[in-house]
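# Summary of structural features
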Amino acid sequence: MKTRLILLAAGNSRRFGSNKLLYSINEKPMFLYGLEVMKELLLKDFDRELYVVTRFEPVMEAVEELKADPFLHNRTHVINSPNSTLGISYSIKAGLLEGEMQPDYYMFMVADQPFIKTETVERLIKETLSQEKIAGCVTWDGVSGNPVIFSKQLKNELLELQEDQGGKVVLKKYMNQICKISASCEEELIDKDTKEEI
């Protein structure tokens, strides 16, 4: 089954005080950790395509560098989304609507979770697809987090999200029908909203 990988890298970083996606962690910008996970996921399965939703030039440049790899070139796309300043729903819609590929599943990952592991995301995708669940998410200690994955059946519901509504609004409706994958540690799921959290 075909899966669209969507990296949301266009956030406002209101609480952070600066663009957190460009903030350096161990001499590497935060967003690059997520992009590298996406690259590994692409290399594992040729039925996957990557769409990076952003409005930041350094992110766009990094995606273009990724496309230099002949194995990734035709399956890697960048979406310039200036409307993302209005809320995360605009980033989600951009990731859903751009491109010609009509996938069976849409997997969303945020770019401010620098410690998420490729193995965890791979388990989320594989188990959700193999069980043909309507959706799936990564959890820790019973609490749902990102990344999340949705069947194409839920595309229209995701397109109805408004302003700062995220995919969890849709996910909550189907909690008894989804695939839940436990992270290897709590840190995987923590998104970095302030410099004190890093």
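Residues numbered from 1 in each chain as written. Predicted model: local features only at pLDDT ≥ 70, side-chain atom pairs only at ≥ 80, totals over all residues. Heavy atoms only, no water.

Tracing the sequence through the fold places V143 in strand β8 (residues 143–151). Residue V143 is classed as exposed on the basis of its relative accessible area, which comes to 53%. Contact partners of V143, with chain neighbours within four places excluded, come to V138 and L189. (Helix = DSSP H or I, 4+ residues; strand = E, 2+ residues; numbered from the N terminus. Buried < 20%, exposed > 50% of the residue type's maximum accessible area, 1.4 Å probe, protein only. Contact = heavy atoms within 4.5 Å.)

Remark: helix α1 (residues 30–44) packs on helix α4 (residues 118–130), axes separated minimally by 10 Å, with the N-to-C direction vectors making an angle of 50 degrees. Here α1 is positioned oblique relative to α4, judged by the angle of their axes. Note on packing geometry: the crossing formed by α1 with α4 is right-handed. Residues V37, E40, L41 and K44 of α1 pack against T118, V121, E122 and I125 of α4. In terms of residue class, the contact of α1 with α4 is built from 4 nonpolar, 1 polar and 3 charged. (Axes fitted to C-alpha atoms, helices over the stretch in contact; angles between N-to-C directions. Parallel < 35°, antiparallel > 145°, perpendicular 65-115°, else oblique. Left-handed = near helix turned anticlockwise from the far one by under 90°. Nonpolar A, V, L, I, M, F, W, Y, C, P; charged D, E, K, R; others polar.)

Applying the stated criterion to the full structure yields 7 salt bridges. The salt bridge involving K28 is made with E36; its shortest N-O contact spans 2.9 Å. Across the pair D104 and K152 runs a salt bridge, and its minimum N-O distance is 3.7 Å. With a gap of 48 residues between them, D104 in the loop between α3 (88–97) and β6 (105–110) and K152 in the loop between β8 and α5 (155–159) connect regions that are remote in the sequence. Classification of D104 as partly exposed rests on a relative accessible area of 22%. By sharing partners, the salt bridges in this structure join D45, R48, E122 and K126 into a single network. (Salt bridge = Lys/Arg side-chain N within 4 Å of Asp/Glu carboxyl O.)

We now examine the packing of aromatic side chains. Throughout the structure, instances matching the rule amount to 1 aromatic pair. Both rings, one in F108 and one in F150, keep their centres 6.1 Å apart while their planes meet at 70 degrees; by these two values the pair is edge-to-face. Separated by 42 residues along the polypeptide, F108 in strand β6 and F150 in strand β8 bring together distant segments of the chain. For F150, a relative accessible area of 0% translates into the label buried. Its end group placed over the ring of Y51, R4 keeps NZ or CZ at 4.0 Å from the ring centre. Its end group placed over the ring of Y33, K28 keeps NZ or CZ at 4.2 Å from the ring centre. (Phe/Tyr/Trp six-rings, centres within 6.5 Å; stacked < 30°, edge-to-face > 60°. Lys NZ or Arg CZ within 6 Å of the ring centre and 35° of its normal.)

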